[in-house]
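Given next are the chains, with one letter for each unit.
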Amino acid sequence: MPDMSASASLAMTHFVTFAKEVDEDKVTPGVLGFIVFAAMALAVWALMKSMSKHMNKVDFKESPDETSGKETAESPSGRASSAKG
């Protein structure tokens, strides 16, 4: 196996010293944490896109309610309605 060049050896020395500076008691999310976060972000994006598509299909125009203006105790059939309470 060939020996490492001087520049590669110097780079590895700097990398190892950087790794020693990291606190060994600290927990970091790492690659798995990034993958989980990215998957959750994609899921939220897909759900928002689906919700937007479904909300665009809904017709929000209300028809005027004919019985809301009348203050009578009669039902539309003409009979008096019984008050429940």
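Moving on, we come to the overall build of the protein. Across its full length, the protein holds two helices and zero strands. Out of the 85 residues belonging to the protein, those deemed buried represent 0%. Per element, the accessible surface of the protein, about 8800 Å² overall, is 64% carbon and sulfur.

Taken together, the side chains of V44, M48, M51, M55, V58 and F60 make up a nonpolar region of the molecular surface, amounting to roughly 610 Å² of accessible area. Looking at the element boundaries, M51 is found in helix 2 (residues 30-57).

What counts as what
- Residues numbered from 1 in each chain as written.
- Predicted model: local features only at pLDDT ≥ 70, side-chain atom pairs only at ≥ 80, totals over all residues.
- Heavy atoms only, no water.
- Helix = DSSP H or I, 4+ residues; strand = E, 2+ residues; numbered from the N terminus.
- Buried < 20%, exposed > 50% of the residue type's maximum accessible area, 1.4 Å probe, protein only.
- Areas by Shrake-Rupley, 256 points an atom, 1.4 Å probe, with all protein chains shown as cover.
- Patch = residues over 30% accessible without salt bridge, like charges linked within 9 Å, V, L, I, M, F, W, Y side chains within 5 Å.
- Salt bridge = Lys/Arg side-chain N within 4 Å of Asp/Glu carboxyl O.

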